[in-house]
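# Understanding the architecture of this molecule
Spelled out, the chains give:
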Amino acid sequence: MDSLPTSIVVLTGAGISAESGIETFRASDGLWANHPVEEVATPEGFAANPQIVYQFYNQRRRQLLSPEIRPNAAHSALAKFEHEFEGDFLLVTQNVDNLHERAGSRKLVHMHGELLKMRCLNSRLVYDIAEDIDFDTECKCCRSPGNLRPHIVWFGEMPFHMNQINRALESCDLFIAIGTSGNVYPASGFYQTAKIRRAYTVELNLDRTGSSFDQHVYGPATEVVPAFLDSILQRQGQRAHR
Ligand code: NAD
């Protein structure tokens, strides 16, 4: 892309958090942290065996809150970019971890929910949660057990913030996908929505995913993300000095 973009949408996936120590979802064998996704990431799995689902997200939450898990250079580069870029910016993450916000990102939406939140099945109120929960945990609003579920978008459910995301995709002139396999719908179609509106599309990933972006940059997120974003900020700086 030769001209300086004026409006950017960035989509991140599990790959951006891989170098922070959080396992990606391996679509090829249908496992997330060694669990079949049907068991731990579908409404049917939760209905069939809620205790397994609670335990799975308790483990993911404990891991996320452990001192070893920290934002990496790619998360930090996005947070810095958001503050320095002078155009419109939206960061859409498929990740349920909180590493973007811990790095300082604020113009951020979690389209697949958040590990550190639970939702009441009756009132749909959403609560912050840091500790383990199970079938016997009392909901804060109903005061009855068994009414809480992870605030995670499971397969077959509608992602959050889709109106805001579609508006941003339809008006952006640069779309960047970072560390996402392109296997999970509807995020997998975002680059096409952006392309139809003539945005330039870029993929930053460890490996080629098969999607036809205008530009592909391969390498670990901690290297390619800071370099790519810095190149845009440098162009912005050069324009200001002209
Ligand atoms: P995915 O696991 O399907 O794909 C990960 C992608 O990241 C792959 O294309 C891989 O090549 C790339 N990758 C791996 N390591 C990388 C690195 N160091 N640098 C750059 N790229 C790297 O991930 P997805 O497309 O986000 O879909 C997975 C789904 O599972 C999402 O919906 C998400 O909600 C959920 N999930 C979230 C987390 C998390 O919150 N951190 C972790 C696992 C799964």
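Summary of the structure given here. Counting of residues starts from 1 at the beginning of each chain's written sequence and follows it residue by residue. Given that the model is predicted, a residue must reach a pLDDT of at least 70 before its local features are reported, and side-chain atom pairs must reach 80 or more before they are shown or counted; all residues, however, enter totals for whole chains, interfaces and linings. For the side-chain quantities, the full set of heavy atoms in the structure was used; hydrogens and water were omitted.

### Considerations on the nonpolar core
- Throughout this description, the term nonpolar core refers to a set of buried Ala, Val, Leu, Ile, Met, Phe, Trp, Tyr and Cys residues connected via side-chain atoms within 4.5 Å. Residue burial is assigned from relative accessible area. The probe radius is 1.4 Å, only protein chains are included, and a residue is buried under 20% of its type maximum, exposed over 50%, and partly exposed in between. Counting 26 residues, the largest nonpolar core has Trp-32, Tyr-57, Leu-64 and Trp-154 as the members making the most contacts within it.
- Each helix is a run of H or I in the DSSP string that is no shorter than four residues. Each strand is a run of E no shorter than two, and both are numbered from the N terminus. Elements with a minimum of two residues in this core: α2 (37–40), α4 (50–65), β7 (113–120) and β9 (148–152).
- Ranked by the residues each element gives to this core, the list is headed by α4, at 5 residues.
- Core analysis: the second largest hydrophobic core is formed by 24 residues, Ile-16, Leu-108, Leu-174 and Ile-176 among them.

### A few points about the pattern of salt bridges
- We count a salt bridge whenever a side-chain nitrogen from Lys or Arg sits within 4 Å of a carboxyl oxygen from Asp or Glu. The tally for this structure, following the rule as stated, stands at 6 salt bridges.
- Taking the shortest distance from any N to any O, the salt bridge between Lys-80 and Glu-84 comes out at 4.0 Å. Taken together, the positions of Lys-80 and Glu-84, both in helix α5 (residues 73–84) and 4 residues apart, correspond to about one turn of that helix.
- The exposure class assigned to Lys-80 is partly exposed, which follows from its relative accessible area of 38%.

### Some points on the packing of α5 against helix α9 (residues 221–241)
- Close contact between α5 and α9 brings their axes to 8 Å; oriented N to C, the two are set at 15 degrees. Compared by their axis directions, α5 and α9 come out roughly parallel. The crossing of α5 and α9 is left-handed. Taken together, the residues of α9 that come into contact with α5 (itself represented by Ala-73, Ala-74, Ala-77, Leu-78, Lys-80, Phe-81 and Glu-84) are Ala-221, Thr-222, Val-225, Pro-226, Leu-229, Asp-230, Ile-232, Leu-233 and Gln-236. Comment: axis = line fitted to C-alpha atoms, over the contacting stretch for helices; angle = value between 0 and 180 degrees taken between N-to-C directions. Reported orientations rely on four angle classes, namely roughly parallel under 35 degrees, roughly antiparallel over 145, roughly perpendicular from 65 to 115, and oblique for the rest. Note on convention: the crossing is left-handed when the near helix lies turned anticlockwise from the far helix by less than a right angle, right-handed when the turn is clockwise. Working rule for contacts: check all heavy atoms of both residues, and any pair within 4.5 Å makes them a contact.

### A word on the site of the ligand
- We call a residue near a given molecule or strand whenever any one of its heavy atoms falls within 4 Å of it. The environment of the ligand is formed by 25 residues, the closest being Phe-25, Gln-94, His-112, Thr-180 and Ser-181.
- Pairing of N or O atoms within 3.5 Å defines a polar contact, subject to two protein rules: one partner must be a possible hydrogen donor and the other a possible acceptor, and residues neighboring in sequence count only if both atoms are side-chain atoms. Val-96 has a polar backbone atom sitting 2.8 Å from an oxygen atom of the ligand.
- Asp-97 places a side-chain nitrogen or oxygen 2.8 Å from a nitrogen atom of the ligand.
- Element by element, the count of residues in the shell around the ligand is highest for helix α1 (residues 15–18), at 3 residues.
- Of the residues belonging to the shell around the ligand, the class tally is 10 nonpolar, 12 polar and 3 charged. Charged means Asp, Glu, Lys or Arg here, nonpolar means Ala, Val, Leu, Ile, Met, Phe, Trp, Tyr, Cys or Pro, and polar covers whatever is left, Gly included.

Coordinates in, geometry out; function isn't part of it.
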